[in-house]
Amino acid sequence: AVGAIAVYLWRRRAGAEYFLFGFVFWAAAMAVKIAMDLTVTGPFRAWLPGAFAGTLAISLYYGLRTGILESGIPYVATRLTRLAPSFDQAVAVGIGFGAAEAMLLGLQTLLNTLAFILAPGLMDAFSPAQQASLQTQFSLLFIPVPVWERLFTLINHVFATVLALYAVRAGAAWLALSMAIGLVLDGSIFFLAYFVPPASFAYTVIIEAFVALIGLASLAGLYLLKRRYDTHVHQA
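Criteria and cut-off values
Position labels on residues start from 1 in each chain and follow its written sequence. Local features in a predicted model are, by the rule used here, given only for residues with pLDDT of at least 70; side-chain atom pairs are given and counted only at 80 or more, and totals for whole chains, interfaces and linings are based on all residues. Working from all heavy atoms in the structure, the side-chain values ignore hydrogens and water. Each helix corresponds to a stretch of at least 4 residues labelled H or I by DSSP, and each strand to a stretch of at least 2 residues labelled E; elements are numbered beginning at the N terminus. Contact criterion: two residues are considered in contact whenever any of their non-hydrogen atoms come within 4.5 Å of each other. Surface accessibility in these figures is a Shrake-Rupley result with a 1.4 Å probe; residues are shielded only by whichever protein chains are displayed. A pairing counts as a salt bridge when a side-chain nitrogen of Lys or Arg comes within 4 Å of a carboxyl oxygen of Asp or Glu. Type-normalised accessible area, obtained with a 1.4 Å probe on protein chains alone, sets the label of each residue: buried when under 20%, exposed when over 50%, and partly exposed for intermediate values. The reported arc concerns the directions from the helix axis to the C-beta atoms and nothing else. Lines fitted to C-alpha atoms define the axes, with helix axes restricted to the stretch in contact, and inter-axis angles between N-to-C directions lie between 0 and 180 degrees. Just so you know how the angles are binned, under 35 degrees is roughly parallel, over 145 roughly antiparallel, 65 to 115 roughly perpendicular, and the rest oblique. It is the rotation of the near helix from the far one that decides the hand of a crossing: anticlockwise by less than a right angle makes it left-handed, clockwise makes it right-handed. Classification used: nonpolar for Ala, Val, Leu, Ile, Met, Phe, Trp, Tyr, Cys and Pro, charged for Asp, Glu, Lys and Arg, polar for all others including Gly. Expected span, for any helix, means 1.5 Å times one less than how many residues it has. Contacts described as polar in this section are N or O atom pairs within 3.5 Å, which, within protein, must combine one atom able to donate a hydrogen with one able to accept it, while residues neighboring in sequence count only if both atoms come from side chains. Any residue with relative accessible area above 30% and no salt bridge may belong to a patch, with like charges joined within 9 Å and the nonpolar Val, Leu, Ile, Met, Phe, Trp and Tyr side chains within 5 Å. To pair, rings of Phe, Tyr and Trp, with the six-membered ring standing in for Trp, must have centres within 6.5 Å; the planes then decide the type, stacked if under 30 degrees apart, edge-to-face if over 60, and tilted in the middle. Here, a charge over a ring is recorded when the distance from Lys NZ or Arg CZ to the ring centre is within 6 Å and its angle to the ring normal is within 35 degrees.

Comments concerning the overall build of the protein chain
And then number 1: Each helix and strand in the protein chain was counted, giving nine helices and zero strands.
And then number 2: Listing the helices and strands of the protein chain from first to last along the sequence gives α-α-α-α-α-α-α-α-α.
And then number 3: For the protein chain, the spread of C-alpha atoms along the three principal axes comes to 60 × 40 × 30 Å.
And then number 4: Sequence separation of at least 24 residues holds for 79% of the intrachain contacts in the protein chain that already meet a minimum separation of 6.
And then number 5: Total accessible area on the protein chain stands at roughly 13200 Å², and carbon and sulfur atoms take up 73% of it.

Some points on the pattern of salt bridges
And then number 1: Under the definition given, this model contains five salt bridges.
And then number 2: Between Asp 37 and Arg 65 there is a salt bridge; the shortest N-O distance is 2.9 Å. Of this pair, Asp 37 sits in helix H2 (residues 16-39) while Arg 65 is found in helix H4 (residues 51-81), placing the two residues 28 residues apart along the sequence.
And then number 3: Here Arg 150 ties to Glu 101 by a salt bridge, and the two come within 2.6 Å at their closest N and O atoms. Of this pair, Arg 150 sits in helix H7 (residues 144-170) while Glu 101 sits in helix H5 (residues 87-118), and the two are 49 residues apart along the sequence.
And then number 4: Of the residues examined, Arg 150 reaches a relative accessible area of 12% and is grouped as buried.
And then number 5: Note on Glu 101: relative accessible area 12%, which makes it buried.
And then number 6: Put simply, Glu 101, Glu 149 and Arg 150 are held in one network by salt bridges that share partners.

A short note on the environment of Ala 77
And then number 1: Mapped onto the fold, Ala 77 is located in helix H4.
And then number 2: A C-alpha to C-alpha distance of 9.6 Å links Ala 77 and Phe 21, two positions 56 residues apart in sequence.

Considerations on helix H1 (residues 2-10)
And then number 1: Of the residues making up H1, those classed as buried are Val 2, Gly 3, Ala 6 and Trp 10. Across the axial projection of H1, the buried residues extend over an arc of 100 degrees, all falling on one side.
And then number 2: Looking at the buried positions of H1, the neighbouring elements they touch are H2, H5 and H7.

Things to note about the packing of H7 against helix H8 (residues 172-192)
Packed helices, taken two at a time, are described by the angle between their axes plus the distance between the axes.
And then number 1: Two elements in contact, H7 and H8, have axes whose closest approach is 7 Å; the angle formed by their N-to-C orientations is 155 degrees. As the angle between them shows, H7 and H8 are arranged roughly antiparallel. Viewed along their axes, H7 and H8 form a crossing whose handedness is left-handed. Of the residues in H8, those touching H7 at Asn 156, Phe 159, Ala 160, Thr 161, Leu 163, Ala 164, Tyr 166, Ala 167 and Ala 170 are Trp 174, Leu 175, Leu 177, Ser 178, Ile 181 and Leu 185.
And then number 2: Taken together, the residues of the contact of H7 with H8 break down into twelve nonpolar, three polar and no charged.

Here's the deal with the packing of H4 against H8
And then number 1: Where H4 contacts H8, the two axes come as close as 7 Å, and the packing angle between them is 145 degrees. Classified by chirality, the crossing of H8 by H4 is right-handed.
And then number 2: Each residue belonging to the contact of H4 with H8 can be placed in one class, and the counts come to 13 nonpolar, ten polar and one charged.

Here we look at H8
And then number 1: The terminal C-alpha atoms of H8, which comprises 21 residues, lie 29 Å apart, in line with the 30 Å expected from a rise of 1.5 Å per residue.
And then number 2: Taken together, the buried positions of H8 are occupied by Leu 175, Ser 178, Ile 181, Gly 182, Leu 185, Gly 187, Ser 188 and Leu 192.

What about the side chain of Ser 59?
And then number 1: Summarising the element assignment, Ser 59 is placed in helix H4.
And then number 2: Since its relative accessible area comes to 5%, Ser 59 is described here as buried.
And then number 3: At a separation of 3.0 Å, a polar atom in the side chain of Ser 59 contacts the main-chain amide nitrogen of Phe 191.
And then number 4: Ignoring any residue separated from it by four or fewer positions in sequence, one finds Ser 59 in contact with Gly 187, Phe 190 and Phe 191.

Notes on a nonpolar patch on the surface
And then number 1: Taken together, the side chains of Phe 52, Leu 56, Leu 60, Leu 64, Ile 68, Phe 191, Tyr 194 and Phe 195 present a nonpolar region at the surface, about 710 Å² in accessible area.
And then number 2: At five residues, H4 tops the list of elements feeding residues into the nonpolar patch.
And then number 3: With a relative accessible area of 43%, Leu 64 lands in the partly exposed category.

Quick word on the packing of aromatic side chains
And then number 1: On inspection of all chains with the given rule, the structure shows 15 aromatic pairs.
And then number 2: Seen in terms of ring centroids, Tyr 62 and Phe 190 are 4.3 Å apart; in terms of plane orientation they differ by 10 degrees. Their pairing is stacked. Here the residue Tyr 62 occupies a position in helix H4, and Phe 190 occupies one in helix H8, the gap between them amounting to 128 residues.
And then number 3: Above the ring of Tyr 8, the side-chain terminus of Arg 11 is found at 3.9 Å from the ring centroid.

Pasting the structure below:
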C-alpha cells in the first residue's frame, strides 16, 4: 500500500516511464546483489574475524554495496542516456525505486502470513526462539512497524535517487552524498546487531527510530534541493 499510494499521489507530476525507470534501476541493483550473495558474500563472511572487527567489516560491506549499486546505477544510466529529468520526474524515479521494493516485501509478508494461517503446523518446524520471533511479527501491535519502516525507507530512496540524478549535472560530491545514505542505512542494520540482539524488541525500536530520523532528514533535504536541482537542469 505504501508503494502504490506513493505512485498514485505523484502520478500527475511525471510520466509513467519515470516510475518505470525507478523500477528497472531497483531490479538491476537487486540482480547484482543476488549475484554477489551467490558468489562472494558467503566466502567473504566466512573469512572475516569474529567480534567487533568482523561486525564492522560486514556492516561496511553491505552498506557500501547498497550505496554504490542503488545510487551508482541510476547515476550511470542517466549519464549514458543523457536524460535531464526535472525535479518532479527525478522524484518519480525515486518513488518507482522505493515502491518496487515496498510492494515486493509487502507481497512476501502477505504470502508468509497466509501460509501460516492456512497451515498452522508450519510453526512447529521452527525452534522455540524462532517461533517467539514469528509470533511477535504476526501480532497486532507489530503490524504498523513495517508500514512505518517502508514509508520512511521510501523517502530515503527518493532522496538518494534525486541526489544521484542531480550529481549528473552538479558533480560527484552529490553522488557521494547519495551513496552515503545507503551506507548509513544498510550498514547500521548489521552494526547495531553487535550491541543489541537482532530479534529483540529493543533492536526493532532503535532501528525503526533511526530509519525515521534519516527519513525526516531526507524529506527536509528534498525540500532544500528542489530549487537548486531545477536551476541546474535549466542551465544545462
